[in-house]
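# Descriptive analysis of the structure
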Amino acid sequence: MLLTAVVMLLFYIKHYIDTHKKELGILKALGYSNLKIAKSFWVFGISAFIGTAIGYAGAFLIMPRFYALQNEDKLLPEIAINFHPSILFYFVLLPTVCFSALSVCYAWYKLKKPVLLLLKDHLQTAAKTPHHRIEKNRELPFVEDLKRNTLKSKKALVFFIIFASFCFSAMTQMSFSMKDLSSEMMGVMMLVIGLVLAFTTLFLAITTVISGNTKTIAMMRVFGYSQKECCRAILGGYRPMSYIGFVIGTGYQYGLLRLMVDIVFKDFEDVPVYKFDVPVMLVSLVCFITIYEILMYVYSEKIKKISVKEIMIE
């Protein structure tokens, strides 16, 4: 989760710089140094503070019930819940400072570009494309070629799509197994964590894809391409990636639970035997496909609202 938070923070800063590069370029042209501009990016660390503060406060609400369920057999000693300043420092204040410092450093690194490069749009010309690649692309229909190029140009978004479906698959299937292996509350906690991660990363990825291809979609609408063709070109390539993430998540949760049951807790008594639950996997798959297709339909309606006015800006 820490690695995921770092990756998402860096991705969001990069996206912000890419979408505001002209304004940032003007500031550099006026004489502002990279470091002076980057210092303002410390505010991105506030997101870490909000998340850790909510988690820290929520823990005090959850812990009494959690300990009670986990210790129903009275095998563990009674644990008094107290305020620990060190935990507040290490898990709330320190992450905030580290994420703010990371935001400044990464922004400073991304701003180390010539002013002219920030002020002009990033255009890929045919001269930069190898001749054999051009000939190969001509063999593909335009929509299929655009779908392939969309995936290649935004590799980070491919990771987020795979990760979102991975979280949904792993956490939903794992949560159903917690009733026998741990407790229902543990299952609910894992389910909530998985859904929050899945929907957050998926929302971030799809929103970025559409916002980054607004002019492309508008041009396609001008040339007579239907809403369905626009959606297939921009979003269609990510559907197989989501299924790959689901398969990886399924294998991950099975391997992790087998590791915990067969190795970590093999010497404990009354540990149930864990077997792959096919019905749970099928239910999770149906839920995933349903939710994913509903989200794609919602975003397709957003694509429908994009008009030629989008390409008239600037």
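Right above here is the structure, for reference.
Report on the accompanying structure. No experiment lies behind these values; they were computed from the predicted model shown.

A surface patch of nonpolar side chains, amounting to about 1,100 Å² of accessible area, comprises W42, V43, I46, F49, I50, I54, I87, F89, Y90, F91, L93 and L94. Elements with a contribution of two residues or more to the nonpolar patch: α4 (46-70) and α5 (85-110). Top contributing element to the nonpolar patch by residue count: α5, with 6 residues. Here F91 falls in the exposed class, since its relative accessible area comes to 54%.

Size it by volume and the second largest pocket reaches roughly 1,600 Å³. M1, G51, T52, G55 and V196 are, among the 38 residues lining the second largest pocket, the residues nearest its centre. Residue assignment for the lining of the second largest pocket shows that the elements contributing at least two residues are α1 (2-19), α4, α5 and α10 (184-212). No other element matches the 13 residues that α4 contributes to the lining of the second largest pocket. Across the lining of the second largest pocket, the residue classes tally to 28 nonpolar, 10 polar and no charged.

Moving on to the pattern of salt bridges. Counted by the stated rule, this structure contains 2 salt bridges. With a shortest N-O distance of 3.0 Å, K14 and D18 are connected by a salt bridge. Linking K14 with D18, this pair stays in helix α1, spanning 4 residues, or about one helical turn. Between E293 and R239 there is a salt bridge, with the nearest N and O atoms lying 2.9 Å from each other. Linking E293 in helix α14 (residues 278-305) with R239 in helix α13 (residues 238-264), this pair joins segments that are 54 residues apart in sequence.

A separate point is empty space enclosed by the protein. Using the criterion set out here, one finds 2 cavities of 30 Å³ or more in the structure. The calculated volume of the largest cavity comes to roughly 110 Å³. As for the largest cavity, its lining consists of I161, A164, S165, F168, A198, F199, L202, S242, F288, I291, Y292 and L295. Mapped by element, the contributors of at least two residues to the lining of the largest cavity are α9 (155-181), α10 and α14.

Let's shift gears to the packing of helix α8 (residues 142-153) against helix α12 (residues 227-234). Look at α8 against α12: their axes get within 7 Å of each other, and the N-to-C directions meet at 35°. Here V143, E144, L146, K147 and T150 of α8 come into contact with α12, specifically with E229, R232, A233 and I234. Across the contact of α8 with α12, the residue classes break down as 4 nonpolar, 1 polar and 4 charged.

In this structure the tally under the stated criterion is 16 aromatic pairs. Note on F166 and Y252: the rings are 5.1 Å apart at their centroids and 55° apart in plane angle, and the pair reads as tilted. Placement of the pair is F166 in helix α9 and Y252 in helix α13, with a sequence separation of 86 residues. The exposure class assigned to Y252 is partly exposed, which follows from its relative accessible area of 40%. An aromatic cluster is present here, built from F11, F159, F160, F163, F166 and Y252 joined pairwise through their rings.

Ranked by internal contacts, the top residues of the largest apolar core, which has 40 residues, are I161, I206, I210, L235, Y238 and I303. Those elements that provide at least two residues to this core are α1, α8, α9, α10, α11 (214-222), α12, α13 and α14. In contact with I161, not counting residues within four places along its chain, are L202, A205, I206, Y238, M241 and S242. Core analysis: the second largest hydrophobic core is formed by 14 residues, L24, A38, A48 and L111 among them.

Glancing now at helix α2 (residues 21-29). Within α2 the residues assigned to the buried category are K21, L24, G25 and K28. Projected onto a plane normal to the axis of α2, the buried residues spread over an arc of 105° and lie on a single side. Residues of α2 that are buried in the fold lie against α1, α3 (34-38) and α6 (115-119). A positive phi of about 110° marks G31, the residue just after α2.

The rules behind the values
- Think of each chain on its own: its residues are numbered from 1, step by step along the sequence as written.
- Where local features are concerned, this predicted model is filtered to residues with pLDDT of at least 70; where side-chain atom pairs are given and counted, the filter is 80 or more; whole-chain, interface and lining totals use all residues.
- Hydrogens and waters are ignored; side-chain quantities use all the structure's heavy atoms.
- A patch consists of residues whose relative accessible area exceeds 30% and which take part in no salt bridge; residues with like charges are grouped when within 9 Å of each other, and nonpolar side chains (Val, Leu, Ile, Met, Phe, Trp, Tyr) when within 5 Å.
- The Shrake-Rupley method, run with a 1.4 Å probe, gives the accessible areas here. Residue values count only the displayed protein chains as cover.
- Just to be clear on terms, a salt bridge is a Lys or Arg side-chain nitrogen sitting within 4 Å of an Asp or Glu carboxyl oxygen.
- Runs of H or I in DSSP of at least four residues are treated as helices and runs of E of at least two as strands, each being numbered from the N terminus.
- Here the term buried applies to any residue with accessible area under 20% of the maximum for its type, exposed to any over 50%, and partly exposed to those in between, with areas from a 1.4 Å probe on protein chains only.
- A cavity here means a set of points on a 1 Å grid, drawn over the protein atoms and nothing else, where a 1.4 Å probe fits but cannot get out; a pocket is an open set with protein on both sides within 12 Å along at least five of seven lines, and a residue lines either one if it has an atom within 4 Å of a point.
- Grid points are joined across faces, edges and corners, and a volume is the space filled by probe spheres set on the points.
- Throughout, the ten residues Ala, Val, Leu, Ile, Met, Phe, Trp, Tyr, Cys and Pro are labelled nonpolar, Asp, Glu, Lys and Arg are labelled charged, and all others, Gly among them, are labelled polar.
- Here, axes are lines fitted to C-alpha atoms. For helices the fit covers the stretch in contact, and angles between N-to-C directions go from 0 to 180 degrees.
- Should any heavy atoms of two residues lie within 4.5 Å, those residues are considered in contact.
- Within 6.5 Å between ring centres, the rings of Phe, Tyr and Trp (the latter by its six-membered ring) count as paired, and their orientation is classed by plane angle as stacked under 30 degrees, edge-to-face over 60, tilted in between.
- To define a nonpolar core, start from buried Ala, Val, Leu, Ile, Met, Phe, Trp, Tyr and Cys residues and group those joined through side-chain atoms within 4.5 Å.
- Arc definition: it is the arc formed by the directions from the helix axis to the C-beta atoms.

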